[in-house]
Amino acid sequence: MAIPYPQFIVSEKSPMEAKIVVPSSPSSASQASPSPPPPPPSSMSSVVLTQDELKKIAAYKAVEYVESNMVIGLGTGSTAKHAVDRIAELLNQGKLHNIIGIPTSKKTYDQAVSLGIPLSDLNSHPVVDLSIDGADEVDPFLNLVKGRGGSLLREKMVESSSKKFVVIVDESKKVEHLGGSGLAMPVEVVPYGDLAVAKSLQALFEDSGCVAKRRTLDLDGKVPFVTDNGNHIVELFFKKDIGDLNTASDKILRIPGVVEHGMFLGLATTVIVAGELGVRVENKS
């Protein structure tokens, strides 16, 4: 079933080069058509879209960047799932050819295999043409928080190897600063001494009111979440801005036992934001 795209109006600006677009038909896998002018506000119909519908709209728009003969990084999560589905659909329709996918998690690998998308890995394809993935937070400078699903290490490996990285989100993911949602910023750590590492991380950001918790699978907190790489996740919750992100990144990575963190700094080249008033495309300046 085709997705109905609502009309929209321009209501905000970004520090980045931004443009407002009307998504082309979901049957198109090439460039979007020029945007027609929006109708007067009085003629706009009221359309209420669910969060999942907004994610799907953004995902379909992102797949318009995919061209035949590309190596594509396949993201993980509820938003990226729609993009993987769409790529498979276009392959089956013969509108895309010779696509090689690099999955960022076992879950995405299983999804892609079930859909018949040819797959490989970074050893065989160390340079990726394009990656498409969701994000948990996006700041005004297109820095991201990712990895609340636990796949941050492989996501960062694939997406940092990409010529282009297109991020797809609904408007609820936009924040003034990373950590601003009050939700978790994940850090992948080795299992040995993970609680000690959590204490070190909490102390590191004491001035930001940080609380560090090991992610678990049970209410008692005794069964740790285990990533695809066999590691654990420590979740950081902030009450205040953590300041300079590059400095914060360096400090986190210097703690023994830390494998990687969920701040994706300077990696996104394009962010597609779907909201009830339309789709906004923000490009890295």
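The name given to the protein in an unreviewed UniProt entry is ribose-5-phosphate isomerase, with the source organism recorded as Castanea mollissima. As recorded by UniProt, the Pathway (unreviewed entry) comment attached to the protein reads in full: "Carbohydrate degradation; pentose phosphate pathway; D-ribose 5-phosphate from D-ribulose 5-phosphate (non-oxidative stage): step 1/1." According to UniProt, the comment filed for the protein under the heading Catalytic activity (unreviewed entry) is "aldehydo-D-ribose 5-phosphate = D-ribulose 5-phosphate".

**Student:** Give me the lowdown on the overall build of the protein, citing residues and values where you can.
**Tutor:** The secondary structure content of the protein amounts to six helices and 14 strands. Relative to its full complement of 285 residues, the protein shows a buried share of 48%. Within the protein, contacts between residues separated by at least 24 positions form 75% of all contacts whose residues are at least 6 apart in sequence. When the accessible surface of the protein is totalled, it reaches about 13700 Å², and 53% of it is carbon and sulfur.

**Student:** Give a description of the pattern of salt bridges that names residues and reports values.
**Tutor:** Opposite charge on two side chains allows them to pair when their charged atoms are near. In the structure shown here, the tally under the stated rule is 13 salt bridges. Across the pair Asp85 and Lys81 runs a salt bridge whose closest N-O atoms are separated by 3.3 Å. Residue Asp85 and its partner Lys81 are located together in helix 2 (residues 78-92), separated by four residues, close to a single helical turn. Looking at Asp85, the relative accessible area reads 28%, which means it is partly exposed. For Lys81, a relative accessible area of 41% corresponds to the partly exposed category. Among the ionic contacts, a cluster of salt bridges with common partners joins Asp133, Lys146 and Glu155.

**Student:** Give a description of the layout of surface pockets that names residues and reports values.
**Tutor:** Within this model, the second largest pocket holds a volume of roughly 290 Å³. Considering the residues around the second largest pocket, the lining is formed by 13 residues, among which Ile102, Pro103, Asp121, Leu122 and Arg154 are closest to the centre. Looking at the lining of the second largest pocket, the elements that each hand over two or more residues are strand 3 (100-103), helix 3 (106-115) and helix 4 (152-159). Per element, the largest residue contribution to the lining of the second largest pocket is three residues, and it comes from helix 4. The residue inventory of the lining of the second largest pocket, partitioned by class, reads six nonpolar, four polar and three charged.

The rules behind these values
- Residues numbered from 1 in each chain as written.
- Predicted model: local features only at pLDDT ≥ 70, side-chain atom pairs only at ≥ 80, totals over all residues.
- Heavy atoms only, no water.
- UniProt positions renumbered as here; feature names shortened; annotations may be inferred.
- Helix = DSSP H or I, 4+ residues; strand = E, 2+ residues; numbered from the N terminus.
- Buried < 20%, exposed > 50% of the residue type's maximum accessible area, 1.4 Å probe, protein only.
- Contact = heavy atoms within 4.5 Å.
- Areas by Shrake-Rupley, 256 points an atom, 1.4 Å probe, with all protein chains shown as cover.
- Salt bridge = Lys/Arg side-chain N within 4 Å of Asp/Glu carboxyl O.
- 1 Å grid on protein atoms, 1.4 Å probe; cavity = no way out; pocket = protein on both sides within 12 Å on 5 of 7 lines; lining within 4 Å.
- Points joined across faces, edges and corners; volume = space filled by probe spheres on them.
- Nonpolar A, V, L, I, M, F, W, Y, C, P; charged D, E, K, R; others polar.

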